[in-house]
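Structural overview for review
Okay, here's what each chain looks like letter by letter:
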Amino acid sequence: MCKYPYCKETEELCDTNHIMIGKNKYHTVCAKKFNAKKAIRELYYERVSKTVVFAQLNKTINNIIDDKDVSPEYFYFALRYAINHQITINYPASLYYVIDNSDIKTAYKKFTQKKLNKEVKAEPIESKEITFTIDPPKQTGWGIFGG
Ligand SMILES: [Zn+2]
């Protein structure tokens, strides 16, 4: 059984279609969402606000990824972009404006296109700017990040 609490996949887990995080099995897409949420929470905490109300932040992130079905890669990219371009994020709800920002959408299009071109040319991808992995997250032991 997939451990992702908001799992929408219908495919049953077997040996080839899952990713382990800790001792738990996840669908590949669910693992991606799980790790993206963690990365987004941490980035928000580190770079936007250390006094953020986590219940609010988690609710917003869950809503964007699980209800609105925004791609976790895009969401993470958009937050990074907003921080790097000093786009104001006053509170978690600002994330709705961030993901809807047309400059960010354009930048993401360019970013994915560039990535695609490189893959086609089979050149090594220099994605130092934005790295996104679905490796198991390291344990921080911070209860406040749960969710
Ligand atoms: Zn799942």
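See the structure printed just above.
What this report covers is the structure whose coordinates are included nearby. (Residues numbered from 1 in each chain as written. Predicted model: local features only at pLDDT ≥ 70, side-chain atom pairs only at ≥ 80, totals over all residues.)

Looking at the overall build of the protein
In terms of regular secondary structure, the protein is built from five helices and two strands. Shown N-terminal to C-terminal, the secondary structure of the protein runs as helices and strands in the order β-β-α-α-α-α-α. For the protein, with 147 residues in total, the buried portion stands at 20%. Residue pairs in contact within the protein that sit at least 24 positions apart in sequence constitute 52% of those at least 6 positions apart. (Helix = DSSP H or I, 4+ residues; strand = E, 2+ residues; numbered from the N terminus. Buried ≥ 20, exposed ≤ 12 C-beta atoms within 10 Å, placed from the backbone. Contact = placed C-beta atoms within 7 Å.)

What to know about the packing of helix 1 (residues 28-48) against helix 3 (residues 72-84)
It is at 9 Å that the axes of helix 1 and helix 3 come closest, and there the two elements cross at 10 degrees. By the criterion of interaxial angle, the relationship of helix 1 to helix 3 is roughly parallel. For the pair helix 1 and helix 3, the contacting residues are K32, K33, A36, A39, I40, L43, Y44, R47 and V48 in the first and P72, F75, Y76, L79, R80 and I83 in the second. Here the residues of the contact of helix 1 with helix 3 sort into 11 nonpolar, no polar and four charged. (Axes fitted to C-alpha atoms, helices over the stretch in contact; angles between N-to-C directions. Parallel < 35°, antiparallel > 145°, perpendicular 65-115°, else oblique. Nonpolar A, V, L, I, M, F, W, Y, C, P; charged D, E, K, R; others polar.)

Observations concerning the pairing of strand 1 (residues 18-21)
Where strand 1 lies against strand 2 (residues 24-27), four bridges are found, and the strand directions are antiparallel. The residue bridging M20 from the neighbouring strand is K25, located in strand 2. Between strand 1 and strand 2, which pair antiparallel one after the other, the connecting turn spans two residues, and G22 there sits at a positive phi close to 65 degrees. (Pairing = 2+ DSSP bridges.)

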